[in-house]
Amino acid sequence: MSIDLSLDRIKRLLGVLAYTRPTIHIAGTNGKGSVCALVSSILTAAEPALAIGRFNSPHLISVLDSISIKNRPISEEAYFSAKETVERTDKENTIGASNFELLTCTALVAFEHAAVDVVILEVGMGGRLDATNAVSDDCILVSALTAVDLDHQAFLGNTVGAIAREKSAISRPGRPFVIGPQVHSEVTDVARSVVAAVGGEVIPLPIVTRANWDDALDGPPPPRDPAFEGASPRLVQVSMACFTEPVRALLPLHGAHQLANLRVAAGIISAVLTHSSCEKFGLGLRDRITPTAVARGIANTRWPGRLSYHTLTLPAQAPAEPSGAQKLLVLADGAHNPASATALAEYLTELLGESPQGTPNRPLVLTFVLALSHSPPKTPAQTLAPLFALRERLPRGRQVRIGAALLRFTPPAGMPWVRPEPPSVIRAAISTLVPSPGSTIDLWPDSDANEAEAAGKSETALERALRWAAGRHAAGREDALVVLAGSLYLVADFYRLLASLGQAQEIWGAN
């Protein structure tokens, strides 16, 4: 299905609707949501606190969580009030805006109604022609580009250079622009040329490193996570041009790639504190955002569905489960392309190589729960390859039994071009990556003939898959970890399942 990429309609719509909020605009292939969450949390930790609006896409559980005000999903009342205003304006002026354009304007109007101090705006796809890029230059505080890789080639181009050109086109004249660490060096070169062409200014990146705990500097160390050692935050040190001393903080977002995302977030904060163009907004940020506030904001960051840990309790189904309820530790991650799957695999390699329970010879049962979007030219095998090479990267002697449950996700409303791959396609991809997968890893369903097990309502099939995962390990004798990945839409199904089981607090309050 085609997507009509143009800014004509939304510029007409915003020409009628008033939008004046100071805005931080963030594009990229991977990491932009994490950067949005970090920046939002840091600004909220200002003294006194700033009221922050944030727009992310796609949503997780419902459209309400794509729009947040003061770090909480927008209320139904505020959402429908803004939505009615936008749709009425669109109809009265016969504009015919697309669904995403209407949603973007709904978020902007909601932020205007709430009179937030700063808006964090995540690009939906690309940048140059994305609906979020219709916000006027006068509103932009700073723009940023996170890691760029191949994705959405049908719309953005077939090379990372072409995609980088589209994404960095959110840069604005006279405004600071932050370029995050890149795997592909040409991305930085292209972005710099685009920024220079419009008269923007590239801001140097802060340095972020892991740090060792120092009682004299950091006080008593926090307790470790009792469920899984790898779920505990890591101490980092952030050197920013706006402060004379490094900021030391606990980073609750997991994976080495989050150090790169934190560099982008810290660069954005440094830019709004030091760049002369940001002074005109009159927010008094230099006095309100202190090193202590930055450290507190980093530590308070929550970003569900991106290497986030959740403890799931599955009620007993007597008499089949006489032992009672089953508890699972689930690592949920929206890795949906080769680059993000590589980041997940690298995190798992480090995590499992550490032998989290302190018992190197204790067996681990690792179960992937997977669903993928049909998104050519990207193939399922390309996305899954890093995950199924994991066993070869672990230390010798680390006993790991791997299994995979293959599912469909619930297609998101209003996005008919998004559809899941059938489990049979995922199974065929795994067979190209793993010799004799039936003998070296466990699969559910174990054949195309049994695919009906994964059919039906997505949440029901997901619960069956998780019960299968729970049955794979011997409690007390083996460690167990479930990794749910492949699509944010699968993560959304998991969070809806948590809510249906009365465990919704595990979504927004856990990382």
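Residues numbered from 1 in each chain as written. Predicted model: local features only at pLDDT ≥ 70, side-chain atom pairs only at ≥ 80, totals over all residues. Heavy atoms only, no water.

Labelled according to an unreviewed UniProt entry, the chain appears under the name Mur ligase, originating from Trametes versicolor. UniProt, in the comment section headed Sequence similarities (unreviewed entry), describes the chain in these words: "Belongs to the folylpolyglutamate synthase family." (UniProt positions renumbered as here; feature names shortened; annotations may be inferred.)

Asks: Please explain the environment of A504 as it appears in this structure.
Replies: Tracing the chain through its elements places A504 in the loop between helix 18 (488–500) and helix 19 (505–508). The residues touching A504, leaving out its near neighbours within four places in the chain, are L498 and A499. (Helix = DSSP H or I, 4+ residues; strand = E, 2+ residues; numbered from the N terminus. Contact = heavy atoms within 4.5 Å.)

Asks: Is there a simple way to think about the packing of aromatic side chains in this case?
Replies: Each aromatic ring pair is summarised here by two numbers: the centre-to-centre distance and the angle between the ring planes. Summed over all chains, the structure comprises five aromatic pairs. Between F409 and Y489, the ring centres sit 5.3 Å apart and the planes meet at 40 degrees, which makes this aromatic pair tilted. Remark: Y489 occurs in helix 18 and F409 occurs in the loop between strand 15 (400–406) and helix 15 (423–433); sequence separation between them is 80 residues. Taken as a pair, F409 and Y489 share a single burial class, namely buried. (Phe/Tyr/Trp six-rings, centres within 6.5 Å; stacked < 30°, edge-to-face > 60°. Buried < 20%, exposed > 50% of the residue type's maximum accessible area, 1.4 Å probe, protein only.)

Asks: Quick question: what am I supposed to make of helix 2 (residues 32–44) here?
Replies: Between its first and last C-alpha, helix 2 extends 18 Å over 13 residues, near the 18 Å set by a 1.5 Å rise per residue. In terms of burial, helix 2 is largely enclosed, as twelve of its 13 residues are buried. Inspection of helix 2 places K32, G33, S34, V35, C36, A37, L38, V39, S40, S41, I42 and L43 among the buried residues, and these make up the whole buried set. Check the buried side of helix 2 and you find it contacts strand 1 (23–27), strand 2 (52–55), strand 5 (118–122), strand 11 (247–251), helix 9 (257–274) and helix 11 (291–299). (Expected span 1.5 Å × (residues − 1).)

Asks: Just to check I follow, could you spell out helix 12 (residues 338–353) for this structure?
Replies: One turn of an α-helix holds 3.6 residues; hence residues three or four places apart share an orientation. Taking 1.5 Å per residue, 16 residues should reach 22 Å; helix 12 reaches 22 Å between its end C-alpha atoms and fits that length. Listed as buried for helix 12 are S340, A341, A343, L344, A345, Y347, L348, T349, L351 and L352.

Asks: Which parts of the structure should I look at to understand the pairing of strand 2?
Replies: Remember that side chains alternate between the two faces of the sheet whenever the strand is regular. Residues of strand 2 alternate between two faces, with I52 and R54 on one and G53 and F55 on the opposite face, all of them buried. Across four bridges, the pairing between strand 2 and strand 5 is parallel. Looking across to strand 5, one finds that R54 is bridged to I120. Bridging between strand 2 and strand 3 (residues 67–69) involves three bridges; their strand directions are antiparallel. (Pairing = 2+ DSSP bridges.)

Asks: Help me understand the environment of E245, please; the structure alone is not making it clear to me.
Replies: Looking at the element boundaries, E245 is found in the loop between strand 10 (234–239) and strand 11. Distance in space between the C-alpha atoms of E245 and P291 is 8.4 Å, their sequence separation being 46 residues.

Asks: Sorry, what's going on with the sheet that holds strand 13 (residues 326–332) here?
Replies: Sheets are built from strands paired through backbone hydrogen bonds, the pairs being either parallel or antiparallel. On the basis of which strands lie adjacent, the open sheet formed by six strands has the order 12-13-17-14-15-16 and mixed pairing. The sheet is open, and its two edges are formed by strand 12 (308–314) and strand 16 (442–444), each paired on a single side. Between one strand axis and the next, the sheet turns by 25 degrees as a mean value, whatever way the strands run. Where strand 14 (residues 364–370) lies against strand 17 (residues 479–485), seven bridges are found, and the strand directions are parallel. By the bridge assignment for strand 17, V365 is matched with A480. Across the sheet, helix 12 lies against strand 12, strand 13, strand 14 and strand 17, angled at about 170 degrees from strand 17, the strand it touches most. Packed on one face of the sheet, helix 15 meets strand 14, strand 15 and strand 16 and runs near 150 degrees to strand 15. (Axes fitted to C-alpha atoms, helices over the stretch in contact; angles between N-to-C directions.)

Asks: Looking at this model, I keep getting lost on the pairing of strand 7 (residues 176–179). Mind explaining?
Replies: Here strand 7 shows no split at all, with P176 and V178 on one side and F177 and I179 on the other all buried. Pairing analysis gives three bridges linking strand 7 to strand 8 (residues 201–203), with the strands arranged parallel. When the sheet's bridge partners are listed, V178 is paired in strand 8 with I203.

Asks: Explain empty space enclosed by the protein here, please?
Replies: Rolled over the atoms, a probe with the dimensions of a water molecule shows which regions are left empty. One pass over the full model with this rule turns up one cavity of 30 Å³ or more. In this structure, the largest cavity spans a volume of roughly 70 Å³. Looking at the largest cavity, the residues that line it are R210, R234, V236, L251, L253, H254, G255, L259, Y347 and E350. Here the lining of the largest cavity is composed, by residue class, of five nonpolar, two polar and three charged. (1 Å grid on protein atoms, 1.4 Å probe; cavity = no way out; pocket = protein on both sides within 12 Å on 5 of 7 lines; lining within 4 Å. Points joined across faces, edges and corners; volume = space filled by probe spheres on them. Nonpolar A, V, L, I, M, F, W, Y, C, P; charged D, E, K, R; others polar.)

Asks: Could you clarify how one ought to interpret unusual backbone geometry in this entry?
Replies: A negative phi angle characterises most non-glycine residues, just as the trans form characterises most peptide bonds. A cis amide bond, omega -5 degrees, links E47 with the succeeding residue P48. Along the chain, P48 turns up in the loop between helix 2 and strand 2. The omega angle of the peptide bond from P376 to P377 is 10 degrees, so this bond is cis rather than trans. Tracing the sequence through the fold places P377 in the loop between strand 14 and helix 13 (380–388). The phi dihedral of A115 falls on the positive side, at around 50 degrees, and the residue is not glycine. Position of A115 among the secondary structure elements: in the loop between helix 4 (99–114) and strand 5. With a phi angle near 50 degrees, L307 is a residue other than glycine that sits in the positive phi range. One can find L307 in the loop between helix 11 and strand 12. For L307, a relative accessible area of 1% puts it in the buried group.

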